[in-house]
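# A look at the structure
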Amino acid sequence: MNTTAANVLKILSQTEMSIEDMHLYLKVEKNAILKTISQINDFLESIDLPKIEKKEDIFYLPLTKKQWEILFDNFNVLTVEERVDYLYIKFRKGKRDFRIVEKYYSSMLSKC
């Protein structure tokens, strides 16, 4: 995944949004955002999580707390920047479950 994907996930973790609004907010072409959403959906499907959904012109990502944990557990395929973005998402959403953060840092330290 790339920075655009991380930014789309960041947005959709906080709110639902149209492609037009994402385009204006991210300053990324609409076609690139649609391609990114498709890539994110492929990734989500590969780890058995719900995909980004569209209702009329609005996109949203319906994940539960447990599903966010599963996504987090699969972050080994993401870049460091995307992991930081994920932590930002977790704290912005008010899901301050420090056990998840501890688990991540413990696993990172064990790899050192």
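This report concerns the structure included in the present document. This is a predicted model, so every value here is computed, not measured.

Scoring rules and cut-offs
- Every chain's residues receive numbers from 1 upward, in the order its sequence appears when written.
- Given that the model is predicted, a residue must reach a pLDDT of at least 70 before its local features are reported, and side-chain atom pairs must reach 80 or more before they are shown or counted; all residues, however, enter totals for whole chains, interfaces and linings.
- Side-chain descriptors were evaluated using all non-hydrogen atoms of the structure, hydrogens and water having been removed beforehand.
- Counting from the N terminus, the helices are DSSP H or I runs at least four residues long and the strands are E runs at least two residues long.
- Residue contacts follow a heavy-atom distance rule, with two residues in contact if any of their heavy atoms lie within 4.5 Å.
- In short, Shrake-Rupley with a 1.4 Å probe defines the accessible areas, and a residue's cover is counted only from the protein chains shown.
- Put simply, a salt bridge is a Lys or Arg side-chain nitrogen that is within 4 Å of an Asp or Glu carboxyl oxygen.
- The classification of residues rests on relative accessible area computed with a 1.4 Å probe and restricted to protein chains. Under 20% of the type maximum is buried, over 50% is exposed, and intermediate values are partly exposed.
- The pairing criterion for strands is at least two bridges between them, as found by DSSP.
- What a helix is expected to span follows from its residue count: subtract one and scale by 1.5 Å.
- Within this scheme, the nonpolar core is defined by two criteria: the residues are buried Ala, Val, Leu, Ile, Met, Phe, Trp, Tyr or Cys, and they are joined through side-chain atoms within 4.5 Å.
- Convention adopted: a line fitted to C-alpha atoms gives each axis, helices being fitted over their contacting stretch, and angles between N-to-C directions are expressed from 0 to 180 degrees.
- In what follows, roughly perpendicular refers to angles from 65 to 115 degrees, roughly parallel to angles under 35, roughly antiparallel to angles over 145, and oblique to any angle outside these ranges.
- When residues are sorted by character, Ala, Val, Leu, Ile, Met, Phe, Trp, Tyr, Cys and Pro go into the nonpolar class, Asp, Glu, Lys and Arg into the charged class, and all the rest, Gly among them, into the polar class.

### Considering the overall build of the protein chain
- Along the backbone of the protein chain there are six helices and three strands.
- Counting from the amino terminus, the protein chain carries its helices and strands in the arrangement α-β-α-α-β-β-α-α-α.
- For the protein chain, restricting intrachain contacts to residue pairs at least 6 apart in sequence, the fraction spanning at least 24 positions comes to 47%.
- Of the roughly 6,900 Å² of accessible surface on the protein chain, 51% is carried by carbon and sulfur atoms.

### Description of the pattern of salt bridges
- Following the criterion strictly, the structure yields two salt bridges and no others.
- Here Glu 20 makes a salt bridge to Lys 30, at a shortest N to O gap of 2.4 Å. Here Glu 20 is found in helix 2 (residues 19-26), whereas its partner Lys 30 is found in helix 3 (residues 30-46), with 10 residues between them in sequence.
- With a relative accessible area of 35%, Lys 30 lands in the partly exposed category.
- With a closest N to O distance of 3.9 Å, Lys 51 and Glu 45 form a salt bridge.

### Remarks on the sheet that holds strand 3 (residues 58-60)
- One open sheet holds the three strands; their spatial order is 1-3-2, and the pairing between them is antiparallel. Strand pairing shows two members of the sheet lacking a second neighbour, strand 1 (17-18) and strand 2 (53-55), which therefore form its edges.
- With two bridges connecting them, strand 1 and strand 3 associate as antiparallel partners. Bridged to Met 17 within strand 3 is Phe 59.

### Overview of helix 1 (residues 3-14)
- Helix length check: helix 1, at 12 residues, gives a terminal C-alpha distance of 17 Å against a target of 16 Å (1.5 Å per residue), a fit within 8%.
- Restricting attention to buried positions, one finds in helix 1 the residues Thr 4, Ala 5, Ala 6, Val 8, Leu 9, Ile 11, Leu 12 and Ser 13.

### So, the nonpolar core
- Val 8, Met 22, Ile 37, Ile 52, Leu 61 and Leu 71 are the most contacted members of the largest nonpolar core, which has 25 residues in total.
- Secondary-structure elements contributing two or more residues to this core are helix 1, helix 2, helix 3, helix 4 (65-73) and helix 5 (80-92).
- If near-sequence neighbours (up to four positions away) are discounted, Leu 71 is found in contact with Phe 43, Leu 44, Ile 47, Leu 49, Leu 63 and Tyr 86.

### Here's the deal with the packing of helix 2 against helix 3
- One way to put it is that helix 2 packs onto helix 3 with a least axis distance of 9 Å and a crossing angle of 110°. When the interaxial angle is binned, helix 2 and helix 3 end up roughly perpendicular. Contacts between helix 2 and helix 3 pair Ile 19, Glu 20, Met 22 and His 23 from the former with Lys 30, Ile 33, Leu 34 and Ile 37 from the latter.
- Residue composition of the contact of helix 2 with helix 3, grouped by class: five nonpolar, one polar and two charged.

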